[in-house]
Amino acid sequence: QIGDMARDVRFLVVDEADRLLGRGFKREVDELLALLPQRYASGTGGSSDGDRYKSGGGKDQGNDEGVKTYLFSATFPEHIQPRVEQVLQRLGGNDTPPPLRLSCSSSFVIDGSSNGRNEEDGGNVETMSGRQRKRMEKTTQPTSIVQGPDSTINLRTIRIEEKDRTQALKRLIFENTADNTYPKQRRKQQTQPDNDDDNNPPQSWDKILVFVSTRYQSQHVAQKLRRASIPASELHGKLSMDARIRRLDDFRKGKTRVLVATDLASRGLDVKGLPVVVNYDLPRSTADFIHRVGRTGRAGQKGVAVSFVTPGGEAHFDLIESRHLSGVGVVREVMRGFEPNEGRWAVECALSKTKVEGVEHSGKGLAHDQMFGGVKGRRKNKKDRLREKTALEKMKGGSAGSS
């Protein structure tokens, strides 16, 4: 039955194409593509024009246009480009013109000069490895760069100690609570909001999507919020599908004000009028930052994306800025009452960037390698512990020499 349906397909639309065309779904996608009408070049698929369009079942197709393919994604990482080209060529045939590619940014635009940049991988053509050059040579460059309207998302970055994040999150929720949506006794206990401009009162956050890195963290943060009388629930991959649907439905209807989720909710989730997204933990992949913040500010509406940056995550956020925010740094805020210890902050930032002797890193730098290894949760791995030990020994050695 699926084969009969596939033989009549004339349009193939793939959303989140970078994920669906990745290795994780390769077998399933290839099985589906094999069922679609295939277009062959002259002399390869048959001796006559009638043989040029065939379905996966081998039956002739009378449509000379073949399957029109549309791929959509907010991010197209460099490593997925050959796979995209392969799929398009498989459906379009070797003798078809190059696919039309539209982009809303200048990522992957290579002009052959030293100014050509591959923003998503943080470098220019001259600094690319041989492997990257080969991939880019096989990649169709954007035909048109679409300059869309100004972003509808207001990015806020807050420098904060890791232990203060939950209290800071509650402060933000209280400050952006309408008078008729929260218990008065709770509001009176909170300090005055940081926004002192009477002409710009805080926006009411009736729905808040909070992203964390682990299932345990989602349960922990949601429990803390419920203890503060804030309706909250967690969403993670260990829940059954019925439980996920039920919690998303409660969130959309306003029964749950805060949804604490893992990256399970970073793609494909559309909550109408969602005013704010909070990155309690930074995402493991820099590309997931774009997908996370894209849950708000949709369909022309305004939205806010708040990111908590801890000392250990500052290098990772710098990488996010260089790859996906055109290298323009977001102003770091400090919340009153949660000022970090600047001396300890500098030490911890240095520790996160310290290279362990005998450990080889790629030419893209430590921050890039940490991204591929993942932004860790509360538990440090062996390499992190070695890095910290090495940095502390160097600091002790330096202080002993100076004395």
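Relevant structure appears above.
In what follows, the accompanying structure is described. In this text, all values refer to a predicted model and were calculated from it rather than measured experimentally.

Moving on: the sheet that holds strand 15 (residues 332-333). Pairing between sheet strands relies on hydrogen bonds along the backbone, with the strands arranged either parallel or antiparallel. A sheet is described by the order of its strands in space; here seven strands give the open sequence 11-12-10-13-14-9-15, paired in parallel fashion. Taken across any chain shown, the strands that pair with only one partner, and hence form the sheet edges, are strand 11 (232-235) and strand 15. Here strand 13 (residues 276-279) pairs with strand 14 (residues 303-309) via four bridges, running parallel. The residue of strand 14 that forms the bridge with V277 is A305. Set on the sheet, helix 9 (residues 241-253) makes contact with strand 10 (208-211), strand 11 and strand 12 (258-261); between it and strand 11 the angle comes to about 140°.

Per the counting criterion, the structure on display carries 23 salt bridges. Across the pair R27 and E31 runs a salt bridge, and its minimum N-O distance is 3.3 Å. In this pair, R27 and E31 are both assigned in helix 3 (residues 26-33), four residues apart and thus about one turn of the helix distant. The exposure class of E31 is partly exposed, given its relative accessible area of 47%.

Bringing the nonpolar core into the picture now. Counting 27 residues, the largest nonpolar core has L169, V210, L225, V258, V306 and F308 as its most contacted members. Looking at this core, the elements that each hand over two or more residues are helix 6 (165-175), strand 10, helix 8 (215-227), strand 12, strand 13 and strand 14. When neighbours within four sequence positions are excluded, F308 is seen to be in contact with I158, I160, R165, A168, L169, L172, V278, N279, Y280 and L282. Among the nonpolar cores identified, the runner-up in size contains 15 residues, and F76, I80, V87 and L88 belong to it.

Another point: unusual backbone geometry. Within the chain, E16 stands out as a residue other than glycine whose phi angle is a positive 50°. Tracing the sequence through the fold places E16 in the loop between strand 1 (11-14) and helix 2 (17-20). One non-glycine residue, S229, lies in positive phi territory at about 65°. Position of S229 among the secondary structure elements: in the loop between helix 8 and strand 11. Judged by relative accessible area, which is 36%, S229 ranks as partly exposed.

Burial analysis of helix 6 places ten of its eleven residues in the buried class, the great majority of the element. Turning to helix 6, its buried residues are R165, T166, A168, L169, K170, R171, L172, I173, F174 and E175.

Looking at the secondary structure, you find T69 in strand 4 (residues 68-71). On the accessibility criterion, T69 (22% relative accessible area) is partly exposed. Remark: the alpha-carbon pair of T69 and F11, spanning 58 residues in sequence, is separated by 5.9 Å. Not counting residues within four places of it along the chain, the set of residues in contact with T69 comprises L12, L88 and L91.

Another aspect to go through is a nonpolar patch on the surface. On the surface, a cluster of nonpolar side chains totalling about 420 Å² of accessible area is made up of F11, V13, Y70 and F72. Summarising the element assignment, F11 is placed in strand 1.

Each value, and the rule that gives it
- Residues numbered from 1 in each chain as written.
- Predicted model: local features only at pLDDT ≥ 70, side-chain atom pairs only at ≥ 80, totals over all residues.
- Heavy atoms only, no water.
- Pairing = 2+ DSSP bridges.
- Helix = DSSP H or I, 4+ residues; strand = E, 2+ residues; numbered from the N terminus.
- Contact = heavy atoms within 4.5 Å.
- Axes fitted to C-alpha atoms, helices over the stretch in contact; angles between N-to-C directions.
- Salt bridge = Lys/Arg side-chain N within 4 Å of Asp/Glu carboxyl O.
- Buried < 20%, exposed > 50% of the residue type's maximum accessible area, 1.4 Å probe, protein only.
- Core = buried A, V, L, I, M, F, W, Y, C linked by side-chain atoms within 4.5 Å.
- Patch = residues over 30% accessible without salt bridge, like charges linked within 9 Å, V, L, I, M, F, W, Y side chains within 5 Å.
- Areas by Shrake-Rupley, 256 points an atom, 1.4 Å probe, with all protein chains shown as cover.

Treat this as a map of the structure, not an account of what it does.
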